Amino acid sequence: MNKKILVVAALLMVVCMGGVFAWSIGVQGGGGYPAMGSAAITFTLNDSPLVFTADFQLQNGYFGVGLTGDYWFIYKPLTDTPVGSLNWFFGAGAGGTVGIGNNYLGLNLVARAPIGLNMMIPVEKIEIEPFIQAVPQIGVAILPKVGLHWGVAANAGIRFHF
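Asks: I'm lost on the packing of aromatic side chains in this one. Help?
Replies: Each pair of aromatic rings is reported with the distance of its centres and the angle of its planes. One pass over the full model with this rule turns up 7 aromatic pairs. The interplanar angle of 40 degrees and the centroid separation of 5.3 Å between the aromatic rings of Tyr33 and Trp150 together place this pair among those described as tilted. One end of the pair, Tyr33, is in strand E1 (residues 23-33); the other, Trp150, is in strand E9 (residues 147-161), with 117 residues separating them in the sequence. On the basis of an interplanar angle of 90 degrees and a centroid distance of 5.3 Å, the ring pair of Phe73 and Phe90 is categorised as edge-to-face. Taken together, the residues span a long stretch of sequence, with Phe73 in strand E4 (residues 62-80) and Phe90 in strand E5 (residues 85-101) at a distance of 17 residues. A relative accessible area of 47% places Phe73 in the partly exposed class.

Put into structure tokens, the structure is as follows:
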């Protein structure tokens, strides 16, 4: 019973905050090294340089679920186009992934440095943001054994700003 009340309270907070802040939500997909591929839900608060994702990875009998948070400390326009402004960004962030595979349970934490391009396209009362990014990362595996690793992800996606 207490869990249900907690879930309802959390959902009400999210819905109420959506009325106070402009926000965006979208999807992205990509791949890289060493990950084979991922799909993610991405969201932001429009007046904030924070970008979050919840991603799902699937490769050769492995399934992982991860969360990332990035802070874009550089966000500059490159040019205006007939459909919207083309911008570039660079930031830093962190993420974590829990993975399950054939006789495998993994936990990884990473530091990230996203760099990419996006375009803000105004349409009626919303903006559409297609984007591409490369994300070099370095991390530590905690399970099944402790060790350092590195990787590079490449993503493309789209967010809808309300």
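Right, picking up where we left off after that structure.
Asks: Is there a simple way to explain the pattern of salt bridges in this structure?
Replies: Should their charged atoms come close, side chains of opposite charge can pair. Tallied over the full model, the rule gives 2 salt bridges. Among the salt bridges present, the one from Asp70 reaches Arg112, with a minimum N-O distance of 2.8 Å. A residue pair is termed long-range when its members are at least 10 positions apart, and Asp70 in strand E4 and Arg112 in strand E6 (residues 104-112) qualify at 42 residues. Overall, Arg112 belongs to the buried group, its relative accessible area being 11%. Here Arg159 makes a salt bridge to Glu129, at a shortest N to O gap of 2.9 Å.

Asks: Whenever I open this one, the pairing of E6 confuses me. Can you help?
Replies: Looking along a regular strand, one sees side chains alternate from face to face of the sheet. Bridge count between E5 and E6: 9 bridges; the pairing is antiparallel. Counted as the bridge partner of Ala94 is Ala111 from E6. Connecting E5 to the antiparallel partner E6 that follows it, the hairpin turn spans 2 residues, and Asn103 within it adopts a positive phi of roughly 55 degrees. Summarising the sheet, E6 and strand E8 (residues 126-143) pair through 6 bridges and their orientation is antiparallel. Residue Arg112 lies in a different strand from E8, and its bridge partner there is Gln137.

Asks: Teacher, can you tell me more about the environment of Gln133 here?
Replies: Along the chain, Gln133 falls in strand E8. Looking at Gln133, the relative accessible area reads 9%, which means it is buried. As a C-alpha pair, Gln133 and Gly157 span 24 residues in sequence and 9.0 Å in three-dimensional space. Once residues lying within four places of it in the same chain are set aside, the contact partners of Gln133 are Gln28, Phe89, Arg112, Pro114, Ile115, Gly116, Ala153, Ala154 and Asn155.

Asks: What exactly am I supposed to notice about the side chain of Thr97 here?
Replies: Relative to the helices and strands, Thr97 resides in strand E5. Contact partners of Thr97, with chain neighbours within four places excluded, come to Gln57, Tyr62, Gly64, Val65, Gly66, Gly106, Leu107 and Asn108.

Asks: Teacher, can you tell me more about the side chain of Glu129 here?
Replies: Locating Glu129 in the fold gives a position in strand E8. Reaching out from Glu129, the side chain makes a polar contact with the side chain of Asn118 at a distance of 2.7 Å. One polar contact links Glu129 to His161, side chain to side chain, over a distance of 2.6 Å.

Asks: It is not clear to me how the pairing of E8 should be interpreted in this structure. Could you clarify?
Replies: Bridge analysis of strand E7 (residues 115-123) against E8 gives 7 bridges, and the strand direction is antiparallel. In the sheet register, Pro122 faces E8, and the bridge partner there is Glu127. Counting the residues that bridge the hairpin from E7 to E8 gives 2 residues, and of these Glu124 lies at a positive phi of roughly 55 degrees. As paired elements, E8 and E9 share 15 bridges and run antiparallel to each other. Bridge pairing in E9 links Ile128 to Phe160.

Rules used in this analysis
Residues numbered from 1 in each chain as written. Predicted model: local features only at pLDDT ≥ 70, side-chain atom pairs only at ≥ 80, totals over all residues. Heavy atoms only, no water. Phe/Tyr/Trp six-rings, centres within 6.5 Å; stacked < 30°, edge-to-face > 60°. Helix = DSSP H or I, 4+ residues; strand = E, 2+ residues; numbered from the N terminus. Buried < 20%, exposed > 50% of the residue type's maximum accessible area, 1.4 Å probe, protein only. Salt bridge = Lys/Arg side-chain N within 4 Å of Asp/Glu carboxyl O. Pairing = 2+ DSSP bridges. Contact = heavy atoms within 4.5 Å. Polar contact = N/O pair within 3.5 Å; in protein donor to acceptor, adjacent residues only side chain to side chain.

Without other data, these values stay purely geometric and don't point to any function.
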